[in-house]
Amino acid sequence: MLAYTIYLSFAGALILALLPRVPASFARVLALFFALGGLAVAVAGFIAGGTQGNVAVADVAWVPAMGIHYTLAADGISRVLVLLTGLASVAGVLFSWNIDERTNEFFAFYLVLIGGVYGVFLSVDLFLLFVFYEIAIVPKYFLIAIWGSTRREYGAMKLALYSFAGSAMVLIGLLAAYATAGAHTMDLHALARYPFPVSFQMWAFPLVFTGFAILAGMWPFHTWAPTGHVAAPTAASMLLAGVVMKLGAYGCLRVAMTLFPHGLDPWGFSFFGLDSWRTVFGLLAVIGIVYGAAVALVQDDFKFVIGYSSVSHMGLVLLGLLTLSQIGIDGAVLQMFSHGVLAGLLFAIVGRVVYGRTHTRDLNKLSKLQLGKAMPFAAWLFVIAGMASMGLPGFSGFIAELQVLIGAWQVYPWFAAVAGVGIVVGVAYTWRAMQKAFFSDTPAVTADGAAVPIPRYEPITWPEAAGVILLAGTSLVVGLYPRLLLDVITPATHALLMGGRP
């Protein structure tokens, strides 16, 4: 059933691409129809899968001579991330309701990206996974370069170069694993059972992990993320932070850590306190948490604040994965879902609701517009989204961050302590942005010193309201009842920890 998420997305992209010039409203409705179809299939697959283990979805020989198959399957991790992709895709269409330039092309690229993301989360054959991974990368360039804003050519090119550099590293590692295992299959299950030599895993693991972690925004390879987020149109920003960065973290867990578990073993010596690749990447994750939060704290561009906060939150995901503990990895996967929902919501508020009406993202200029009075809906919406992003109890981020910190404390107490500092800085940058953008008491004045009246803006539209309800409601439901996802995630992560196999 879940395979239809891929087929519906690509079918929608094909129809939109082949249609002659059609009214923008028709293209939007068509894109929403296919996105809703994908979400409906994702929800049905999530419910039907329940707490089952790995369930085959499709298996057809593709390149038999090389042992390459079109193999799709889903376990608890896949089902949760496919659900996230469905939610993000529908919300992205709703917050793109203002796109009126080459609308059918925009949504065609958009649905290709979505189809690629669905494919990555469902692929078992590693060649197929790599193909979908590349399919998800290419449309990002065009969405940013054609429909983007601030330094869009630079942002698009930087994102593409970083993504393809990471892909090259992943491809080298996968080809090396394929050849070393006898060049018979690219099936992840089969390769995970092959006893790769420890010496091989010691260089293949960091190569593949880094290749995927570039897309996850790991410091110091994160710089594509803030510039890409700022340059991208709102829907693309939502997808970049919401699901595309999750592809990187998913690849780190599903491919690098599953295929090469001994790459995480101690080296047998210590170098400035670093005694394994696990420690090295754990340190980089913690630096990303603190660095991303600290840089977000001093940004004046509202979108850069959210962009750097994504670097910080994705550092928590990587730290959770590297704990190699049940609670830590559960927290990392839950954090992927939580951040995907909340980052999408924050980018929607900043990019569509605020910038779409005020035409500025400069916090210093926004502080004089009295948006708390001019747009109370947006103000209180950002308060809710900001509180959720900070990890306020009752929202999805709370239990996810708590699990990651507990898992990290069990293995690396100092890393957990420093990550906690990063979370505190996260409270500071969220509060600063909220105060400057919505609740400043320094109104603009005219040349003669008179206060400028509170401006009037276009009221919230129904697509914006629907997108907000979808994302904020999801975060609240998961925050109040995290077992909804954890009961699905835990069996899958437990299987990975026990045998290193999906």
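To be clear, the structure that these remarks concern was listed above.
Conventions and cut-offs
- Residues numbered from 1 in each chain as written.
- Predicted model: local features only at pLDDT ≥ 70, side-chain atom pairs only at ≥ 80, totals over all residues.
- Heavy atoms only, no water.
- Helix = DSSP H or I, 4+ residues; strand = E, 2+ residues; numbered from the N terminus.
- Rg over C-alpha atoms; globule rule 2.2 N^0.38 Å.
- Contact = heavy atoms within 4.5 Å.
- Areas by Shrake-Rupley, 256 points an atom, 1.4 Å probe, with all protein chains shown as cover.
- Lys, Arg positive; Asp, Glu negative; His and termini not counted.
- Charge placed at Lys NZ, Arg CZ, Asp CG, Glu CD.
- Phe/Tyr/Trp six-rings, centres within 6.5 Å; stacked < 30°, edge-to-face > 60°.
- Buried < 20%, exposed > 50% of the residue type's maximum accessible area, 1.4 Å probe, protein only.
- 1 Å grid on protein atoms, 1.4 Å probe; cavity = no way out; pocket = protein on both sides within 12 Å on 5 of 7 lines; lining within 4 Å.
- Points joined across faces, edges and corners; volume = space filled by probe spheres on them.
- Polar contact = N/O pair within 3.5 Å; in protein donor to acceptor, adjacent residues only side chain to side chain.
- Salt bridge = Lys/Arg side-chain N within 4 Å of Asp/Glu carboxyl O.
- Axes fitted to C-alpha atoms, helices over the stretch in contact; angles between N-to-C directions.
- Parallel < 35°, antiparallel > 145°, perpendicular 65-115°, else oblique.
- Left-handed = near helix turned anticlockwise from the far one by under 90°.
- Nonpolar A, V, L, I, M, F, W, Y, C, P; charged D, E, K, R; others polar.

Colleague: Summarise the overall build of the protein; cite the residues concerned and give the values.
Modeller: Helix and strand counts for the protein stand at 20 helices and four strands. By the compact-globule yardstick of 23 Å for 502 residues, the protein fits well, its C-alpha radius of gyration being 22 Å. Taking the principal axes of its C-alpha atoms as reference, the protein extends roughly 80 × 55 × 40 Å. Put simply, of all contacts in the protein between residues at least 6 apart along the chain, 79% involve residues at least 24 apart. For the protein, the accessible surface area stands at approximately 18000 Å², while carbon and sulfur atoms represent 70% of it. Counting 24 positive and 21 negative side-chain charges, the protein places the averaged centre of each group 4 Å from the other.

Colleague: Pulling in residues and values, what's your account of the packing of aromatic side chains?
Modeller: Enumeration according to the criterion identifies 33 aromatic pairs in this entry. Their ring planes at 80° and their centres at 5.4 Å tell us that tryptophan 267 and tryptophan 277 sit as a pair that is edge-to-face. With tryptophan 267 in strand S3 (residues 266-271) and tryptophan 277 in helix H11 (residues 277-297), this residue pair connects regions lying 10 residues apart in the sequence. Each ring, one from phenylalanine 271 and one from phenylalanine 272, has its centre 4.8 Å from the other, and the planes form 85°; the classification is edge-to-face. Each member of the pair phenylalanine 271 and phenylalanine 272 is classed as exposed.

Colleague: Tell me about the layout of surface pockets, and please be specific about residues and values.
Modeller: In this structure, the largest pocket encloses a volume near 400 Å³. For the largest pocket, the lining is made up of 23 residues, of which Asn98, Ile99, Trp147, Pro233 and Thr234 are closest to its centre. At the level of secondary structure, the elements contributing two or more residues to the lining of the largest pocket comprise helix H5 (126-147), helix H10 (234-259) and helix H13 (326-358). Among the elements that take part in the lining of the largest pocket, H13 stands out by supplying four residues, more than any other.

Colleague: For the side chain of threonine 360, give the residues involved together with the corresponding values.
Modeller: Counting through the fold element by element, threonine 360 comes out in the loop between H13 and helix H14 (363-366). Engagement of the side chain of threonine 360 in a polar contact is seen with the backbone nitrogen of aspartate 362, the distance being 3.1 Å. The contacts of threonine 360, once residues within four sequence positions are left out, are Val354, Tyr355, Lys365, Leu366 and Leu369.

Colleague: Any details on the pattern of salt bridges? Residues and values, ideally.
Modeller: If you walk through the whole model with that rule in mind, you get eight salt bridges. A salt bridge links aspartate 75 to arginine 254, with the nearest nitrogen and oxygen atoms 2.7 Å apart. Here aspartate 75, found in the loop between strand S2 (68-74) and helix H3 (76-94), pairs with arginine 254, found in helix H10; they are 179 residues apart in sequence, far enough to count as distant. For aspartate 75, a relative accessible area of 3% corresponds to the buried category. Arginine 254 gets classed as buried once you look at its relative accessible area, which sits at 4%. Between arginine 352 and glutamate 464 there is a salt bridge, with the nearest N and O atoms lying 3.3 Å from each other. With arginine 352 in helix H13 and glutamate 464 in helix H19 (residues 462-480), this residue pair connects regions lying 112 residues apart in the sequence.

Colleague: How would you explain the packing of H13 against H19 if you had to name every residue and give the values?
Modeller: Two numbers describe how H13 lies on H19: the axes approach to 10 Å, and their chain directions differ by 150°. The orientation of H13 with respect to H19, classified from their angle, is roughly antiparallel. In terms of crossing hand, the pair formed by H13 and H19 is left-handed. In contact with Leu334, Phe337, Val341, Leu342, Gly344, Leu345, Arg352, Val353 and Arg357 of H13, H19 contributes Glu464, Val468, Leu471, Ala472, Thr474, Ser475 and Val478. Along the lines of polarity and charge, the residues of the contact of H13 with H19 split into 10 nonpolar, three polar and three charged.

Colleague: Can you tell me about empty space enclosed by the protein, naming the residues and giving the values?
Modeller: Applying the stated criterion across every chain, the model contains six cavities of 30 Å³ or more. Approximately 90 Å³ is the volume found for the largest cavity. Every element with two or more residues in the lining of the largest cavity is listed here: helix H12 (302-322), helix H16 (376-390) and helix H18 (413-438). With six residues, H18 is the single largest residue contributor to the lining of the largest cavity. In terms of residue class, the lining of the largest cavity is made up of six nonpolar, six polar and one charged. Within this model, the second largest cavity holds a volume of roughly 60 Å³. Along the wall of the second largest cavity there are 13 residues; nearest its centre are Ser78, Ser123, Val124, Tyr250 and Arg254. Listing elements by their share of the lining of the second largest cavity, those giving two or more residues are helix H4 (103-122), helix H7 (188-193) and H10. Residues belonging to the lining of the second largest cavity are distributed by class as follows: seven nonpolar, four polar and two charged.

Colleague: Quick one: what's the story with the packing of helix H1 (residues 3-18) against helix H2 (residues 24-49), residue by residue and with numbers?
Modeller: The interhelical angle for the contact between H1 and H2, taken along N-to-C directions, is 170°, at an axis separation of 8 Å. In terms of orientation, H1 and H2 fall into the roughly antiparallel class. For the pair H1 and H2, the contacting residues are Tyr4, Thr5, Leu8, Ala11, Gly12, Ile15 and Leu16 in the first and Ala27, Leu30, Ala31, Phe34, Gly37, Gly38, Val41 and Ala42 in the second. Classifying every residue of the contact of H1 with H2 gives 11 nonpolar, four polar and no charged.

Colleague: Quick one: what's the story with the environment of serine 78, residue by residue and with numbers?
Modeller: Summarising the element assignment, serine 78 is placed in helix H3. On a C-alpha basis, the gap between serine 78 and glycine 45 in space is 10 Å, while along the polypeptide they are 33 residues apart. Leaving out residues up to four positions away in the same chain, serine 78 has contacts with Ala73, Phe121, Tyr250 and Arg254. Of note is the side chain of serine 78, whose polar atom sits 3.1 Å from the side chain of arginine 254.

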